[in-house]
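# Residue-level structural notes
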Amino acid sequence: MAIEVRDVNKSFGTTPVLRDVSIDVESGSLTALLGPSGGGKSTLLRVIAGLEQPDTGTVRISGVDATRLAPQRRNVGFVFQHYAAFKHLTVFRNVAFGLEIRKRPKDEIRKRVMELLELVHLEQMADRYPSQLSGGQRQRMALARALAVEPEVLLLDEPFGALDAQVRKELRTWLRRLHDEVHVTTVFVTHDQEEAIEVADTIVVLADGEVEQVGSPAEVYDNPANPFVMRFLGPVTEIGGSLVRPHDIEISTEPVEGGTSATVSRVVRLGFEVRVELQVEGRDAWVQVTRGFADQLALTSGDVVSVRPAPGARSLVLATV
Amino acid sequence: MAKYGLRTIAVLYLFFLLVLPVGLIIWRTFGDGLGPFVEALTSASAVHAFQVTLTVALWAVAANTVFGVGTAVLLVRHRFPGKRLLNALIDLPMAVSPVVVGLALILVYGRFAPVGGLLESWGVQVIFSTPGMVLATVFVALPLVVRAVVPVLEELGDDQEQAAHTLGASRLQAFIRITLPGIRWALAYGVVLCLARSLGEYGAVAVVSGRLVDQTQTLTLFVEERFQNFDQPAAFAAATALALIAVITLLLTKLLRPKG
Ligand SMILES: Nc1ncnc2c1ncn2[C@@H]1O[C@H](COP(=O)(O)OP(=O)(O)OP(=O)(O)O)[C@@H](O)[C@H]1O
Ligand SMILES: [Mg+2]
């Protein structure tokens, strides 16, 4: 295991932020820490990096107990959400920083830095200052800087959080490819479930300072441990007291076995997909169908239909309130 | 009309308060050409006063720079009990009259006071000597560096320092390579202000120095003493020199300000 976090508790003042958190991160994996804002993701990442001390519990990195180790001795790379670029240093000197601290010979530094700048496609920008870079370029510089010291683990706090949607998507794919090339154990924080599913091998869902579920993207999406995880990982709707994914619902104009009767309140066409909004037992619900299927049924508002979870679909029974 | 009225009042106010007195000093100084000015400033006493002023100011600036940066880092980056008290104490010198500062120092470090007596037995004379004058100057200029650095340090945040730590830098390395360059303009601004204040200090130094001509006489004390002894050319020449230094530091701070 590259990182083992055991029973970590952390409070700021009287507010508990991490509660009995235990996670294992496999060597060479790409793990996403996913959860809502304020759930303690950054705090957990900072505890791993040594930028924050846990109140109780231990952190092991590559088998070594690092709980009381200062951050500079942990050999982790950390990329901050707002880049934390060294403003007074050029891109080259930023990336060289860790190597200069380690007093490596000048030509070795030069060679390594240029290699890394090539890796992150910034070789043309070596002599610029961070203020002369775009957000995405700054983020890539921060990544190269963290990689320069050959860290045992790479920790990224919402690496793409401050970028616009287009750049975000590009960098996501790029991060995945980079990881496949460099193979360094990586943990990144995100509150975007799509990003986590697309990029990570393993997802750790963290909410209110507690680990809700750990698993592969498919596992957490298809077999959520509880309603919270199910809601957080994708769209859900409520039918007959169960939580179901809207694309896992069968809809028919004839009454069917095990079906619940519903009234169509609106049909919204969103390109290929069609969103059918329903009233089921006095509650709002919705079903996602393909356009062809919707045309076939020719639904309009006011129609009475029968709905039921598709066979094999995962649904969670909600506790009756 | 009201606009012009206000302008006139402002200009007149500044004229009688600032332009006229300073102008007259310069007029008197150079009234008989450069010769008397140079002569007055190169007299043995004047040169000595220059030296004393410079020595005291440099020590005071050095002490306040180290203390100022240290305290600013402490106030912005650390949490500890008594922080608010420290924060309030730093501004105290601004509120206390320099004469009171001088008297207080004599009470502690005077020859017949406990601390002063002890130091004296070790051969260190504080009052009526350079150490006392440095102490007094340090005290009156205490807040200047701290107050210049604190806001910039706050704005800088600790992200960059933490990044440096994760890259292997120790606290000292992060401070020297990251924090110091980040606050350099603010620090320079604070140091220049501190220097100006130290060069111009009169009250506290007057009390602790004993005003010993050719021994503990600083430039400001020299001006006063010459004036009392009806040596107006020397008094005005030294006063002009002080004013020139003030103008230069003012220009320096103007240069440093926008970047800080
Ligand atoms: N230094 C601190 N002092 C006090 N409270 C803090 C501190 N850092 C974090 N917190 C609190 O801890 C909780 C968790 O914060 P954290 O930054 O870990 O959340 P997060 O999951 O990263 O959220 P986000 O997605 O918004 O970044 C929040 O309620 C926050 O207010
Ligand atoms: Mg966060």
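Residues numbered from 1 in each chain as written. Chains lettered and ligands numbered in written order. Predicted model: local features only at pLDDT ≥ 70, side-chain atom pairs only at ≥ 80, totals over all residues. Heavy atoms only, no water.

### Quick look at the packing of helix H2 (residues 91-101) of chain A against helix H4 (residues 135-148) of chain A
All names here are of chain A. Running from amino to carboxyl end, H2 crosses H4 at an angle of 25 degrees, the nearest separation of the two axes being 7 Å. Relative to H4, the element H2 is oriented roughly parallel. Crossing geometry of H2 relative to H4 is assigned as right-handed. Contacts from Val-91, Asn-94, Val-95 and Leu-99 in H2 reach Met-141, Ala-144, Arg-145 and Ala-148 in H4. Class assignment of the residues belonging to the contact of H2 with H4 gives a composition of six nonpolar, one polar and one charged. (Axes fitted to C-alpha atoms, helices over the stretch in contact; angles between N-to-C directions. Helix = DSSP H or I, 4+ residues; strand = E, 2+ residues; numbered from the N terminus. Parallel < 35°, antiparallel > 145°, perpendicular 65-115°, else oblique. Left-handed = near helix turned anticlockwise from the far one by under 90°. Contact = heavy atoms within 4.5 Å. Nonpolar A, V, L, I, M, F, W, Y, C, P; charged D, E, K, R; others polar.)

### Some words on the interface of chain A and chain B
Taken together, the contact between chain A and chain B spans 20 residues of the former and 17 residues of the latter. Carbon and sulfur atoms make up 61% of the area that chain A and chain B hide from each other, which totals about 1,700 Å². The largest share of the area that chain A buries against chain B comes from A:Gln72, A:His88 and A:Ile101, three residues that together contribute 32% of it. Remark: the boundary between chain A and chain B carries one salt bridge. Between B:Arg177 and A:Glu100 there is a salt bridge; the shortest N-O distance is 3.4 Å. The interface formed by chain A and chain B contains five residue pairs in polar contact (both at pLDDT 80 or more). (Buried area = accessible area lost by both parts, 1.4 Å probe. Salt bridge = Lys/Arg side-chain N within 4 Å of Asp/Glu carboxyl O. Polar contact = N/O pair within 3.5 Å; in protein donor to acceptor, adjacent residues only side chain to side chain.)

### Quick look at unusual backbone geometry
Residue and element names in this part refer to chain A. Here the phi dihedral of Glu-158 falls at roughly 40 degrees; this positive angle occurs in a residue that is not glycine. Checked against the element boundaries, Glu-158 lands in the loop between strand E7 (153-157) and helix H5 (165-182). By relative accessible area, which is 11% here, Glu-158 ends up buried. The residue Ala-298 is not glycine, and still its phi comes out positive at about 50 degrees. The residue Ala-298 is located in the loop between helix H9 (291-297) and strand E17 (304-309) in this model. (Buried < 20%, exposed > 50% of the residue type's maximum accessible area, 1.4 Å probe, protein only.)

### A look at the site of ligand 1
Residue and element names in this part refer to chain A. In the neighbourhood of ligand 1, the contacting residues comprise Phe-12, Val-17, Pro-36, Ser-37, Gly-38, Gly-39, Gly-40, Lys-41, Ser-42, Thr-43, Glu-158 and His-191. Note that an oxygen atom of ligand 1 is positioned 2.9 Å from one of the backbone N or O atoms of Gly-40. Taking Thr-43, its side chain carries an N or O atom lying 2.5 Å from an oxygen atom of ligand 1. With the chains in place, 58% of the 640 Å² that ligand 1 exposes on its own is no longer accessible. When residues in the shell around ligand 1 are grouped by element, the largest group, three residues, is from helix H1 (residues 41-49). A per-class count over the shell around ligand 1 returns three nonpolar, seven polar and two charged. (Near = heavy atom within 4 Å. Areas by Shrake-Rupley, 256 points an atom, 1.4 Å probe, with all protein chains shown as cover.)

### Points about the UniProt feature "transmembrane region" (unreviewed entry) in chain B
Residues and elements named next belong to chain B. According to UniProt, the feature "transmembrane region" (unreviewed entry) maps to residues 12-30, 50-76, 88-110, 122-146, 186-213 and 233-252 in the numbering used here. The annotated region residues 50-76 carries 100% helix and 0% strand content, and the separation between its end C-alpha atoms amounts to 37 Å. Secondary structure content for residues 233-252 is 100% helix and 0% strand, and the end C-alpha separation is 29 Å. (UniProt positions renumbered as here; feature names shortened; annotations may be inferred.)

### Describing the pattern of salt bridges
All names here are of chain A. For the coordinates displayed, the defined rule picks out 28 salt bridges over all chains. Two residues, Glu-115 and Arg-112, come together in a salt bridge whose shortest N-O distance is 3.7 Å. Of the two residues, Glu-115 and Arg-112 both sit in helix H3 (residues 106-119), three residues apart, roughly one turn of that helix. For Glu-115, a relative accessible area of 41% puts it in the partly exposed group. Across the pair Glu-277 and Arg-266 runs a salt bridge, and its minimum N-O distance is 3.3 Å. In this pair, Glu-277 is assigned in strand E15 (residues 273-280) and Arg-266 in strand E14 (residues 260-270), connecting sequence segments eleven residues apart. Judged by relative accessible area, which is 47%, Arg-266 ranks as partly exposed. Taken together, the salt bridges that share partners define one network made up of Arg-168, Arg-172, Asp-192, Glu-194, Glu-195 and Glu-198.

### Some details on the sheet that holds strand E6 (residues 76-79) of chain A
Residue and element names in this part refer to chain A. Strand order in the open sheet made by the six strands is E6-E7-E8-E3-E9-E10, with mixed pairing throughout. Pairing within the sheet leaves two strands with one partner each, and these edge strands are E6 and strand E10 (210-215). Strand-to-strand twist across the sheet, computed as the mean angle between neighbouring axes with direction ignored, equals 15 degrees. Bridging between strand E3 (residues 30-34) and strand E9 (residues 202-207) involves four bridges; their strand directions are parallel. Within the sheet, the bridge partner assigned to Thr-31 lies in E9 and is Thr-202. (Pairing = 2+ DSSP bridges.)

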